[in-house]
Structures are given as structure tokens and as C-alpha cells.
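# Overview (structure and organization)
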Amino acid sequence: MSSLCPVCNLRLPLGQIESHVNAHFDDDEIDPQIANDHYLALQLASSSSDFSSTLKEAPFLDPVNKTVPFPQNDVVASLVRLQTKSPFYRVGNGGLICLLKTCLESKTKPLDCSTSLLSGYVDHFQSSKEDKGWGCGWRNIQMQCSHLLSRREEVKRVLFGGSNFVPDIPSLQRWLELAWNSGFDVSGGLHFGNRICGCKKWIGTTECAALLRSFGLRARVVDFAPKKSRSMYLSVPGSALAPKRRAYGPMDRYVVNKGGSDSHGSSSSRISKGAVLMDWVWNYFSDNRLDVSSGVHITNKGPLYFQHEGHSRTIVGIQRRLQGTTFNPQYNLLILDPADFTRGIEKTLVDKRGWEGYLKRGAHTLTSPEYQMLYVDNGIAVGEELEQLKTIDSHFVEF
């Protein structure tokens, strides 16, 4: 039995509704962060333990007309109808990316050989007290989806049943279970026992890929690791060590070839791993163009899901400065971290003071032995291509 809260219209189990309604009137003003934490705790607690078992009999969305579930698929139809929009703090002044662009421009001098490339619109989803320590992967999925829904019309029609909003963590957990039970990243699903609803478990890049690919999105995974890891590619804590097939194609265009190799090959001993990763990110946002002018540019590229051991973040751009008489490039990643408070980031950007500490990360900070990234190519996969996306492949870049 469940009931709707008459104040906020949230559906909760009958036994929880009285205390929930009373909480609205305990204080004259409720702290939004506390309200969000309480909301997420209730959602996780009320996640159905039987949900994953019901999915085993449920087909997925029609791969040809993915905006409408199969008529007989009651589970998918219910999920589309009952999923909940995630609460988050919406930044004013055109959003964080516009504020970041203004700050970068204010730091650029007329003769400064500096170029910054930014993704389009991205909302920042901060971790709450309830998901702190395990929810960063979900928050970065939300950031990725906020961009996709704001910039790609084809994605609006298919993602989350055409709801045109970013769901909360419990809803995303149900979508991931549905993806597993529809054959996307079967090995990854087995790692979690095909159940993630209501669980406080770490997820990683492969779970993000499985979820997005289940809607036909062309989510691409890139591994950055030493040569000794080449045979297995990267295993991220919380993700399954799934068999990954060799990948050639879309990722190749962002790899700087040296010595005829698809990785940095023998040159890696002379190039720091930070430089290797920075080169790849620059080539991604610049689309391998050599004629990028100085200044600050908002590109047509989406953000990058950025995973390393124990944490994940979202790369929303990169800055390059040409140093000295030899014009050696010095890079800074521009990163949104779900561990940071959105209001704090906004304030520093509006004040144009202290924002670098939140958003800029140089090559010297890239100290993890392995990294993993995900980005989403344009278009929607159907038919045979959609079937191929069920296997989570990755592109390996050696450093």
C-alpha cells in the first residue's frame, strides 16, 4: 500500500507517509539538501526487492520505434510512468558552462596563447549525504544525461522513455537492471547478481555504458593503462571484469598515433601518462582540428565520464597554453566533481575568484595507474548495431 504526500506529491509506503508529511511542517524553511537526502533515503528503502526478478520476463523497448515500449511490456511501461525526476540545484546565468566560459575569457590576455574548449550545457549533480561514498558514478551519469537531453533531439525521443528529464538514482538503478536483463553487459550484470535497486554499491564506466547503450545510444569506452594491462583492459572497482573485444573505429580518431601504433607505443617512455591522456582529451574536444584559434570555444562535443580507482568525475572541457619559445603545450582538464557543492562552484564562478580550485586539474594530478573514459557519439543504433552494443567493448590507449 502506498499514498501520495499532499504537500510534495511524492508517493511513499503507507507506513512512512505520516512522518514524511509532518517533516514538511517541522521548520519554517526546510534545507533543500536535507530534503533531498531524506527523499533519496526513502526511495532506496522502498525499492522493490522483487523488481529485478520481474524484469527477467520483460522484453525491452522496440528497437525500431524506441519511444514506445512493446504494448505487452507492463514493467517497462510502469518504469517510464513511475520514474522520478532527480532533484538538483539549477545554476542561473545560463548554467555552469556559460559561467565557466566567462571566467576563462576574463583570464585570457590579448597576446596569451591560450585556448579553451568546452562541452555544451551540463547540469551539476552533487552527491548528497545519503549517497556520499558510493553515488559518484550515478551522479556522473546524471551529468552526462543532462547534456544529452539538452543538446540532442534524437536522444530526447528515446532516453528514459522520452520523459525529457534526468531520473533520480533509484530510477536509474531500475533502468540499469532492465538493461542487464535485456542482454546489455551480461557479465557485468552477473557481477552484481543482476540486482542493483536499493543497493549502495559502486558502479563504473561499464555500467554507464550498459545503461546508455540499452536506449540505442552509442556510448564509447576508452581505457588508459600501462602495456601490461592491455590483455585485460581496465577493471574499475565496482565494475565487472567483463570480456571486451578489440575495438577499432570511432575512438581511433582521437588517438595520437606514434610509430604506427594505435597507442603511444615505444614513445610512452618519453611521454608522461598525464600528457598521453591530455592529448587524447584535446583531440576529442578539438575533433582533431589543427586550426583551433586561441580563445574560449563551446564545442559540439559532450562531456566525458572520467573514472579512476575509487572515484569518478565529469570532464567538461580542456585548456591549452603554449609555453616558451618552443610553444610546448600545457594542459588543464576542466572537471565537475559530484563531491563538490553546486552552490559553492556557482559562487566562485560568479565572483570570478577561487573557481580554478574547483574546476582546473593539471597533468601532475593524474597519478592513478589506470583511467577510463566514456563519451557518446551522435545517432541512435538499431537492428544489428544495437545487438553489437550489448557487448561492452573498449579502446585501449597505452601510457
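Note that the structure is predicted; figures quoted are calculated from it, not measured. (Residues numbered from 1 in each chain as written. Predicted model: local features only at pLDDT ≥ 70, side-chain atom pairs only at ≥ 80, totals over all residues. Heavy atoms only, no water.)

### Structural notes on the overall build of the chain
- Helix and strand counts for the chain come out as 14 helices and eleven strands.
- Taking all 399 residues of the chain together, 53% fall into the buried category.
- Put simply, 74% of the contacts in the chain that link residues at least 6 apart link residues at least 24 apart.
- Total accessible area on the chain is roughly 17,400 Å²; 51% of this is exposed by carbon and sulfur atoms. (Helix = DSSP H or I, 4+ residues; strand = E, 2+ residues; numbered from the N terminus. Buried < 20%, exposed > 50% of the residue type's maximum accessible area, 1.4 Å probe, protein only. Contact = heavy atoms within 4.5 Å. Areas by Shrake-Rupley, 256 points an atom, 1.4 Å probe, with all protein chains shown as cover.)

### A few points about the environment of S286
- Relative to the assigned elements, S286 resides in helix α11 (residues 273–286).
- Once the C-alpha coordinates of S286 and K301 are considered, the two residues, 15 residues apart in sequence, prove to be 8.6 Å apart.
- Other than its neighbours up to four places away in sequence, S286 contacts L117 and V292.
- Only 2.8 Å separates the side chain of S286 from the backbone oxygen of W282, close enough to count as a polar contact. (Polar contact = N/O pair within 3.5 Å; in protein donor to acceptor, adjacent residues only side chain to side chain.)

### Quick look at the pairing of strand β7 (residues 311–323)
- Here β7 lies mainly inside the structure; eleven of its 13 residues are buried.
- Bridge count between strand β6 (residues 304–308) and β7: five bridges; the pairing is antiparallel. In the sheet register, Y305 faces β7, and the bridge partner there is T314.
- Two successive antiparallel strands, β6 and β7, enclose a turn made up of two residues, where G310 displays a positive phi of approximately 90°.
- Where β7 meets strand β8 (residues 328–336), nine bridges bridge the pair, whose relative direction is antiparallel. (Pairing = 2+ DSSP bridges.)

### Remarks on the packing of helix α6 (residues 136–151) against helix α8 (residues 169–181)
- Relative orientation of the contacting elements α6 and α8 amounts to 90°, with a least axis distance of 11 Å. Considering their axes alone, α6 and α8 lie roughly perpendicular with respect to each other. In this structure, α6 contributes W138, R139, I141 and Q142 to the contact, and α8 contributes I169, L172, Q173 and L176.
- Among the residues forming the contact of α6 with α8, the class breakdown is five nonpolar, two polar and one charged. (Axes fitted to C-alpha atoms, helices over the stretch in contact; angles between N-to-C directions. Parallel < 35°, antiparallel > 145°, perpendicular 65-115°, else oblique. Nonpolar A, V, L, I, M, F, W, Y, C, P; charged D, E, K, R; others polar.)

### Some thoughts on the pattern of salt bridges
- Scanning the entire structure with this criterion turns up eleven salt bridges.
- Residue K156 is joined to E153 by a salt bridge in which the shortest nitrogen-to-oxygen separation is 3.2 Å. A residue pair is termed a helical-turn pair when its members lie 3 or 4 positions apart in one helix, as K156 and E153 do in helix α7 (residues 153–158) at three residues.
- When the shortest N-O distance is used, the salt bridge between R213 and D393 registers 2.8 Å. (Salt bridge = Lys/Arg side-chain N within 4 Å of Asp/Glu carboxyl O.)

### Observations regarding α6
- End to end, α6 covers 23 Å across 16 residues, agreeing with the expected 22 Å (1.5 Å per residue, within 8%).
- Most of α6 is tucked away, with 14 of its 16 residues classed as buried. (Expected span 1.5 Å × (residues − 1).)

### Considerations on unusual backbone geometry
- A positive phi angle is found at N93, which is not glycine, with a value near 60°.
- Mapped onto the elements of the fold, N93 is located in the loop between α4 (74–82) and α5 (96–107).
- By relative accessible area, which is 60% here, N93 ends up exposed.
- For N164, which is not glycine, the phi torsion reads 65° and is therefore positive.
- Relative to the elements of secondary structure, N164 occurs in the loop between α7 and α8.
- Given a relative accessible area of 45%, N164 falls into the partly exposed group.

### Some thoughts on the packing of α4 against α8
- The N-to-C vectors of α4 and α8 enclose an angle of 160°; their axes lie 11 Å apart at closest approach. In terms of orientation, α4 and α8 fall into the roughly antiparallel class. α8 is crossed by α4, and the crossing has left-handed handedness. In this structure, α4 uses V76, L79 and V80 to contact α8, whose residues at the interface are S171, R174, W175 and L178. (Left-handed = near helix turned anticlockwise from the far one by under 90°.)

### Digging into helix α12 (residues 342–351)
- Turning to α12, its buried residues number three or more, namely T342, I345, E346, T348 and L349. Take α12 and look down its axis: the buried residues cluster within an arc of 165°, on one side only.
- Structurally, α12 contributes buried residues whose contacts are with α5, β8 and α13 (355–359).
- One or two residues past the end of α12 sits K352, with phi positive at roughly 55°. (Arc of directions from axis to C-beta.)

### Let's talk about the packing of aromatic side chains
- Enumeration according to the criterion identifies 14 aromatic pairs in this entry.
- Both rings, one in W180 and one in F192, keep their centres 5.4 Å apart while their planes meet at 20°; by these two values the pair is stacked. Within this pair, whereas W180 is found in helix α8, its partner F192 is found in the loop between α9 (186–191) and α10 (205–213), the two being separated by twelve residues in sequence. Comparing W180 with F192, the two get one shared label, buried.
- One aromatic cluster is present, formed by F224, W280, Y284, F285, F306, Y371, Y375 and F399 through successive ring pairs.
- A cation over an aromatic ring shows up here: K301 above the ring of Y284, its NZ or CZ 5.2 Å from the ring centre. (Phe/Tyr/Trp six-rings, centres within 6.5 Å; stacked < 30°, edge-to-face > 60°. Lys NZ or Arg CZ within 6 Å of the ring centre and 35° of its normal.)

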